[in-house]
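Topology and contacts: notes
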Amino acid sequence: MARTGFCDSRQLLDLHMTDDRQVPLRTWTNSCVLRERRVFDEGEELGPGQHYKPTQESRWVRRLPISAEDGIIMDYAPQDESMPSDVYEEEALLKCLNRLPGPPSLRELMPGLLRREVEVAISKLGLLYDKTYAWDIFSDMMRSQLLCTLPNADLPKHFSDTSRAILVDWLIQVHEVFQFSEETLYLAVHLLNRALRLIKVSISGLQLLGVVCLFLAAKKEECLLPEVSELCYLMENAYSKKQLLRMERRVLTGLKFDLYHCPPLHFLLISASIARCSNKVVWMARYLLELSLLEGQCVVYLPAQLAGAALLLARRILQEAPSDGEMAWCIAGSIHIGSEAALLSIMQIMAVAAARAHARETRATYIKFSTIQTLHVSMHPALKAAPGLLGLSCPQT
């Protein structure tokens, strides 16, 4: 596999030369209004050729009755004219929280004030169409992130953290060329981390595996996809289309078609919105979080822990006080589960990576966050002394 200078050997295809960006598919689907459905009583059936037509006397409110098995929304409930819809929504929300498994429950872990802030933050991020379901989405994120970690950071034989970092750095460059969403990048690296441990791949096929993981992530997150021939062209036609598609089948089979991932970027943006962070703090935290993709040690931590460590370290580097006092930071800090020792370990990894980023061979993330759009956060002079803020010795460059 070629090293970081690989992209310089052949000009990459820029499929998005115009400034017009395509609307993400999730935005289009979220804009579709849900149709009203009626749940019939026991013994009541609808005859053939008959259709239910709602009348003015029968109104419906989106309520969240939860299935006892998997928490799937099952139906809508009729609204009583004498009671506002907020009463039903609050009742359904409490019912959902009571059913959340695992000690302690999220209702005990998250204060009521956090629930309100989470609803506002998720709405601002455009992650859903109806704010009614914001807390349920966030609850599912907190539960499902447990599936996004690996038991250890050990790589298979013949692979090293250096070769993995070189591959991830090249994938970041390809990701920028196609102008994919950030979720696509985090999903691609997550699939790569899992595939390396589940599929036997030779060193010569490592680059092909990385491209396939990016291709699968794009299929899940993007509207427009590159052609298979274009992906082969980026690899200097070292692999044929048949080899790429065969590797795709191997990866899907090895992963058992499980492509789910809860990106730490979502936790970071939600926390930053709750804490009323400045734009510079948010961009610095996003830079530190993307640097963690290159560090193999970070695969054992939860996405919420990675996001919390990036936000805390960004605040410490920039030495900016929160605008609305410490209360907002306390609310946002309740999202980050785990011990303080785990957060400190992540912050130390990120601090060392940030201090060395400008001199490393894998500099795609450093260059990406050195533009005016990202407020030049990667070039901030305090980053070189970041390890010293955590009691570590600054690396010699």
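As recorded by an unreviewed UniProt entry, the chain carries the name V-akt murine thymoma viral oncogene homolog 2 and is attributed to Cyprinus carpio carpio. Looking at the chain in UniProt, the text filed under Sequence similarities (unreviewed entry) is "Belongs to the cyclin family."

1. Some words on the confidence of the model for the chain
Low pLDDT means the predicted coordinates in that region are not meant to be read closely. Overall, the predicted model of the chain reaches an average pLDDT of 77, with 67% of residues at or above 70. Between residues 1-40, whose pLDDT stays under 50, and residues either more than four places distant or in other chains, the model counts 69 contacts. Under a pLDDT of 50 for its full length, residues 51-107 has, in the predicted model, 87 contacts with residues more than four places off or in other chains.

2. Section: the nonpolar core
Within the largest apolar cluster, 104 residues are counted, with the highest numbers of intra-cluster contacts made by Phe 138, Leu 209, Leu 244, Phe 267, Tyr 287 and Leu 288. Tallying contributions element by element places helix α9 (residues 206-221) first for this core, with 11 residues. Among residues more than four places away in sequence, those in contact with Leu 209 are Leu 192, Ala 195, Leu 196, Val 201, Met 247 and Val 251.

3. Observations regarding the packing of helix α5 (residues 112-125) against helix α6 (residues 134-144)
For the pair α5 and α6, interaxial distance at closest approach is 9 Å and the crossing angle is 95°. Between α5 and α6, the angle is such that the two are roughly perpendicular. Residues Leu 114, Arg 115, Val 118, Glu 119 and Ile 122 of α5 form the contact with α6, whose own contacting residues are Ala 134, Trp 135 and Phe 138. Each residue belonging to the contact of α5 with α6 can be placed in one class, and the counts come to six nonpolar, no polar and two charged.

4. Thoughts on the pattern of salt bridges
Applying the stated rule across the entire model yields nine salt bridges. Glu 290 is the partner of Lys 368 in a salt bridge, and the nearest nitrogen-oxygen pair spans 3.0 Å. In this pair, Lys 368 is assigned in helix α17 (residues 364-368) and Glu 290 in helix α13 (residues 279-291), connecting sequence segments 78 residues apart. Of the two residues examined, Lys 368 and Glu 290, each falls in the buried class. Through salt bridges with shared partners, a single network forms among Glu 176, Glu 182, Glu 290 and Lys 368.

5. A look at the packing of aromatic side chains
Throughout the structure, instances matching the rule amount to four aromatic pairs. Measuring from centroid to centroid gives 5.4 Å for Phe 178 and Phe 180, while their planes differ by 15°, and the two rings are stacked. By relative accessible area, Phe 178 is classed as buried at 2%. A network of ring pairs unites the aromatic residues Trp 283, Tyr 287 and Phe 369 as a single cluster.

6. Things to note about helix α16 (residues 340-356)
With 17 residues, α16 ought to run about 24 Å at 1.5 Å a step, and its terminal C-alpha atoms sit 25 Å apart, in line with that. When α16 is considered as a whole, its buried residues turn out to be Ala 342, Leu 343, Ile 346, Met 347, Ile 349, Met 350, Ala 351, Ala 353, Ala 354 and Ala 355. Of the surrounding secondary structure, the elements contacted by the buried residues of α16 are α13, α14 (303-318) and α18 (386-389).

Here is what the cut-offs are and how they apply
- Residues numbered from 1 in each chain as written.
- Predicted model: local features only at pLDDT ≥ 70, side-chain atom pairs only at ≥ 80, totals over all residues.
- Heavy atoms only, no water.
- UniProt positions renumbered as here; feature names shortened; annotations may be inferred.
- pLDDT = per-residue confidence, 0-100.
- Contact = heavy atoms within 4.5 Å.
- Core = buried A, V, L, I, M, F, W, Y, C linked by side-chain atoms within 4.5 Å.
- Buried < 20%, exposed > 50% of the residue type's maximum accessible area, 1.4 Å probe, protein only.
- Helix = DSSP H or I, 4+ residues; strand = E, 2+ residues; numbered from the N terminus.
- Axes fitted to C-alpha atoms, helices over the stretch in contact; angles between N-to-C directions.
- Parallel < 35°, antiparallel > 145°, perpendicular 65-115°, else oblique.
- Nonpolar A, V, L, I, M, F, W, Y, C, P; charged D, E, K, R; others polar.
- Salt bridge = Lys/Arg side-chain N within 4 Å of Asp/Glu carboxyl O.
- Phe/Tyr/Trp six-rings, centres within 6.5 Å; stacked < 30°, edge-to-face > 60°.
- Expected span 1.5 Å × (residues − 1).

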